Amino acid sequence: MPDRRFFSRSEPKALADLAALTGSTVPAGMDPQFMVEDVSPLDHAGPRDLSFLDNVRYKDQFRVSKAGVCVVNPDMAQEAPSGMLLLLNREPYKAYARIAQAFYPQRMPAPFVSKSAYIATGVKIGGGCVIEDGAVIGRGAEIGEGSWIGANVVIGENVVVGSHCQIGANAVISYSLIGDHVCIYPGCCIGQDGFGFAIDSAGHVKVPQLGRVLIEDHVQIGANTTIDRGSGPDTVIGQGTWIDNLVQIGHNVKIGKGCVIAGQVGISGSTILEDYVVMAGQVGIAGHLRIGKGARIAGKSGVLRDVPAGEEQMGYPALPLRAFMRQIATLNRMIKKDKS
Amino acid sequence: MPDRRFFSRSEPKALADLAALTGSTVPAGMDPQFMVEDVSPLDHAGPRDLSFLDNVRYKDQFRVSKAGVCVVNPDMAQEAPSGMLLLLNREPYKAYARIAQAFYPQRMPAPFVSKSAYIATGVKIGGGCVIEDGAVIGRGAEIGEGSWIGANVVIGENVVVGSHCQIGANAVISYSLIGDHVCIYPGCCIGQDGFGFAIDSAGHVKVPQLGRVLIEDHVQIGANTTIDRGSGPDTVIGQGTWIDNLVQIGHNVKIGKGCVIAGQVGISGSTILEDYVVMAGQVGIAGHLRIGKGARIAGKSGVLRDVPAGEEQMGYPALPLRAFMRQIATLNRMIKKDKS
Amino acid sequence: MPDRRFFSRSEPKALADLAALTGSTVPAGMDPQFMVEDVSPLDHAGPRDLSFLDNVRYKDQFRVSKAGVCVVNPDMAQEAPSGMLLLLNREPYKAYARIAQAFYPQRMPAPFVSKSAYIATGVKIGGGCVIEDGAVIGRGAEIGEGSWIGANVVIGENVVVGSHCQIGANAVISYSLIGDHVCIYPGCCIGQDGFGFAIDSAGHVKVPQLGRVLIEDHVQIGANTTIDRGSGPDTVIGQGTWIDNLVQIGHNVKIGKGCVIAGQVGISGSTILEDYVVMAGQVGIAGHLRIGKGARIAGKSGVLRDVPAGEEQMGYPALPLRAFMRQIATLNRMIKKDKS
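Visitor: Requested: an account of the sheet that holds strand β13 (residues 148–149) of chain C, with residues and values cited.
Guide: Residues and elements named next belong to chain C. Ordered by their spatial adjacency, twelve strands build an open sheet running β7-β10-β13-β16-β19-β24-β27-β30-β33-β36-β38-β39, and the pairing between neighbours is mixed. Pairing within the sheet leaves two strands with one partner each, and these edge strands are β7 (112–113) and β39 (318–320). Where β13 lies against strand β16 (residues 166–167), two bridges are found, and the strand directions are parallel. Bridging from a neighbouring strand, W148 pairs with Q166 of β16.

Encoded structure:
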């Protein structure tokens, strides 16, 4: 049961309603009026809790789980412990996500603007906003309705933040235009100068960074991530892209829609990610590349060339996944021969 | 000599007292009443300073050091320059650490709560605390006695910070329960949402993150490190674990006791580290793995599978250390053949 | 055209003046009195804009660019579209940098010290400084003339910041002596304790960190980068070195003059970089190494040994570039044989 100090739960819900909410099926013979009270992981769930099985690694936990209800792929239904109610769904994790959102809707404090926030004269703040203590908002900035600016956030001059955004504590945003429903986590730095200079042994010569950061709607950006503004072109984060913690995004990078960028990834300047690219943790991408639509890059890969659309790559330097696997296999055979 | 602007030293100490403090031996014929005035690196130490030799790379510096006293392993005693006094100890670095602590005890400012900190009504603050300017502490939070909350720190609602903790400037902590004697460095972000969502091309679906971050006693967490709260289970950092700067720890990760996690390591969600695991810099660990007790992972390794207790691994993908070495050796031989 | 909300441009400039400023040549037959109004990337530039071609990847953009003027290497002049004016320069990017600086000189707000900054009594602040809202400056600190301290910055006791420095919002600086014309980006943490302790299963023993961070003139340090202070010796960043975002620099590291350290690089404790070393993104360097003058390390390399001056290295573990290339080539041949 989530800690009541931090999370407040909504009322119980009937299994049938949760099935309707998620497009799931209640198997014949199971009670659609069963009332679910909470969501919980498989190994902690009790008889009134709903859990889910998505990753087969957790199948053994599933088999002995005491969860009253579980969302599972139909293929797994026969593995359920006896007495467990089921919601059958081909995408159990997504169904669980919607159910958990229903039990724990995101709540925002009542609108208020702290008297100890430092808001320049003329800043436009929409209705329903929360501006917490110590936030600093520069001249000419605009904050859309229903946005929540955390404590000690610093928003630079003329920055535009859309409506229903959430800017985590101590984030710093400058030279940026941010859409609606954008969530920026604590400690992010967005819009500072890119790493642009001409190398010179008498002292590197700075290139003025004259672009912006454009963040489209529904983007999420993790804690302590850094996104440099463009050098002339803009840096762009496309609609619905999710970026994890401690990611570095260089100047002029364009990221398409719906991409997923895991923790500690680094994307060098002027590289383009088309839509729906997925990068696992610690991937590094050289500059001036194009990563095709739907490409998937395995964790810690180092990408030095363009990646075709839809391709999976891994390695350093990164290769198509099959070539990487073959490389490993060959190496293993060589080692065996070498020993014998 | 440490810069007196930043560090204040306690009184001189007799060699015999330092030997007693650290379980070291003063070799026969050396004066146990010799007064040591300060600690200093080998290459800067003078005749009243105590230094240490731990890493054999610095043996040449040791041989010509002007340090009055040096803590060394007994094996190295015969390498000492003539006239140098010695403290013999099988763990010279640990002995040096205790001596340096005695000369430079950690000092805390006199208790005070800044009037320009923003402390919600009802926050419990123990005796002897320091709360610096601009710190923001949310409703329901508790700060144990003798803790030091740095300038512009943001502590979220209902967070519990134990006694004798130190929270560095501009850190952001939410959804967390923190033990005693915990040191969190500046810029850390702890307790924000994990990277949890179901991928969907129509817009990824956020999974509410309903767990906490539990930090046990005597933990240290480096600057700008990020630790996400659990998604349902908690994220846990075990007693006495030390974490360096810019580390990313995903949701539901459990780290055991006494682990050492160097800079820029990334640990993906739901991975378990048993006690006393050591990871060098930039290691990446995939999610849902178990890293056995006392395992040691070399710098920049990419770990894709469970690691047995006590095993050393290196590589990308990581292998047991001997296998990694053999891989390198084989590759080198192949290259030679290939050329000839 | 840069967004006028964020960037303000100076007056138009004659081609002849821009040639003089940068040591460039206007080819015979082109009008040296042509007035340039702005700078712009090749693919956005119009007939009154100046652009540049440096990276041959962008040659096709150059051939069809509508830029009125372009700075190019003389070798590329014959590729210019008809009607385009040229500035010929062997270092077009550096020439462009100087021209862009002339059009967009860095502007600083009028001097002011916010009443909502928390400045300890006795802090010395030079003439012409800007101290923004929420900044916290500890006892004994000194800020040189013309320096700009961003909002919510925290500067610890006795820290010295030179003249004409810029400290980005929410940066945290302690135990440091900083030269002139230093630019520290938002969210940096500089001067906290290094990761220094003796491992002990009963509880690691902290080694007091008694050194400082010394930052020489004209250094740039990127957003959310962390630099630990020395343990006894100092951590030193040499004159004119540029460091990108999310870089980790361990205690006692010495970085020479004019180095370039790209994003997410990690440099372990006590390593020395001689002058003009270049490291691409995500490089990791083990501790206690010496990286020779002018060495260049390719992205994501893991360096485990000293690197001779001038050498290029790549790989994990890093090898001289030719050896790395040979390794890849051999591996590819083995794979082909293995398949056949």
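Visitor: Any chance you could break down the interface of chain A and chain C for me, citing the residues and the numbers?
Guide: Facing 47 residues of chain A, the contacting portion of chain C comprises 53 residues. Of all the secondary structure elements, the ones that give two or more residues to the side of chain A that touches chain C are β21 (197–198), β22 (205–206) and α4 (321–339) of chain A. Take the side of chain A that touches chain C: its biggest share by element is five residues, from α4 of chain A. Across the side of chain A that touches chain C, the residue classes tally to 19 nonpolar, 23 polar and five charged.

Visitor: With reference to specific residues and values, describe the pairing of strand β4 (residues 49–52) of chain A.
Guide: Residues and elements named next belong to chain A. Covered by surrounding structure in β4 are D49 and S51 together with L50 and F52, the residues of both alternating faces. Strand direction decides the pairing type here: strand β3 (residues 38–39) and β4, joined by two bridges, are parallel. Paired with D38 across the two strands is D49, which belongs to β4. Across three bridges, the pairing between β4 and strand β5 (residues 69–72) is parallel. The residue bridging F52 from the neighbouring strand is V71, located in β5.

Visitor: Outline helix α1 (residues 15–22) of chain B, supporting the account with residue identities and numerical values.
Guide: If you check which residues of α1 of chain B are buried, you get L15, L18 and T22 of chain B. All buried residues of α1 of chain B project into a common sector of 60 degrees when viewed along the axis, lining one side.

Visitor: Hey, could you go over the pairing of strand β6 (residues 85–88) of chain A for me, with residue numbers and the actual values?
Guide: Residues and elements named next belong to chain A. Residues L85 and L87 point to one face of β6 and L86 and L88 to the other, with burial holding for every one of them. Direction of pairing for β5 relative to β6: parallel, over a ladder of four bridges. Counterpart to V71 in the pairing with β6 is L87.

Visitor: Let's hear about the relation of the copies chain A and chain C: which residues, and what values?
Guide: Least-squares fitting of chain A to chain C yields an RMSD of 0.0 Å, with the transformation described by 0.0 Å of translation along the axis and a rotation of 120 degrees. Look at the turn and shift together and you get a three-fold axis relating the two. Little of the interface of chain A is mirrored in chain C, where only 19% of its interface residues are also at the interface.

Visitor: Break down the environment of H218 of chain A for me, citing the residues and quoting the values.
Guide: Here H218 of chain A shows up in the loop between β23 (213–215) and β24 (220–221). As a C-alpha pair, H218 of chain A and G258 of chain A span 40 residues in sequence and 9.3 Å in three-dimensional space.

Visitor: Account for the domain arrangement of chain A, with residues named and values stated.
Guide: When the domains of chain A are assigned, the result is domain 1 (13–103) and domain 2 (171–322). For domain 1 of chain A versus domain 2 of chain A, the separation of C-alpha centres amounts to 37 Å.

Visitor: Could you give an account of the relation of the copies chain B and chain A, naming the residues involved and the relevant values?
Guide: You can overlay chain B on chain A at an RMSD of 0.0 Å; the transform is a turn of 120 degrees with a shift of 0.0 Å along its axis. Each copy contacts the other with its own distinct surface, as only 19% of the interface residues of chain B are interface residues in chain A too.

Visitor: Explain the confidence of the model for chain A to me, and be specific about the residues and the numbers.
Guide: A residue-level look at chain A finds 99% of positions with pLDDT of 70 or above and a mean pLDDT of 96. Here the predicted complex scores 0.97 on pTM and 0.96 on ipTM.

Visitor: Before we move on, could you go through helix α3 (residues 92–103) of chain C and cite the residues and values that matter?
Guide: Residue and element names in this part refer to chain C. Spanning twelve residues, α3 covers 16 Å between terminal C-alpha atoms, matching the ideal 16 Å at 1.5 Å per step. The buried fraction of α3 amounts to nine of the twelve residues, a majority that puts the element mostly inside the structure. Listed in full, the buried residues belonging to α3 are P92, K94, A95, Y96, A97, R98, I99, A100 and F103.

Visitor: Account for the sheet that holds strand β24 (residues 220–221) of chain B, naming residues and giving values.
Guide: Either a parallel or an antiparallel arrangement is found when strands of a sheet pair, and the pairing is made through backbone hydrogen bonds. Residue and element names in this part refer to chain B. Sheet architecture is open: twelve strands sit in the order β7-β10-β13-β16-β19-β24-β27-β30-β33-β36-β38-β39, paired in mixed fashion. Two strands lie at the open edges of the sheet, namely β7 (112–113) and β39 (318–320), each paired on one side alone. Here β7 pairs with strand β10 (residues 130–131) via two bridges, running parallel. If you follow V113 over to β10, its bridge partner there is I131.

Criteria and cut-off values
- Along each chain, numbering runs from 1 in the same order as the chain's sequence is written.
- Ligands are numbered from 1 and chains lettered from A, in the order in which they are written.
- Side-chain atom pairs in this predicted model are given and counted only at pLDDT of 80 or more, local residue features only at pLDDT of at least 70, and totals for whole chains, interfaces and linings cover all residues.
- Whether two strands pair depends on DSSP finding at least two bridges between them.
- Labels follow the DSSP assignment, with helices taken as runs of H or I lasting at least four residues and strands as runs of E lasting at least two, numbered in each case from the N terminus.
- This entry defines residue contacts through backbone-placed C-beta atoms, with two residues in contact when those atoms are within 7 Å.
- In this classification, the charged set is Asp, Glu, Lys and Arg, the nonpolar set is Ala, Val, Leu, Ile, Met, Phe, Trp, Tyr, Cys and Pro, and all remaining amino acids, among them Gly, are polar.
- Any residue whose C-beta has 12 or fewer other C-beta atoms within 10 Å is treated as exposed, any with 20 or more as buried, and any in between as partly exposed, C-beta atoms being built from the backbone.
- For this quantity, the arc is that covered by the directions from the helix axis to the C-beta atoms.
- For the least-squares superposition of copies, only C-alpha atoms count, and only for residues with pLDDT at least 70 in both.
- Domain boundaries shown here were taken from an automatic or database domain assignment.
- Confidence of the prediction at every residue is given by pLDDT, a number between 0 and 100.
- One fewer than the residue count of a helix, multiplied by 1.5 Å, yields its expected span.

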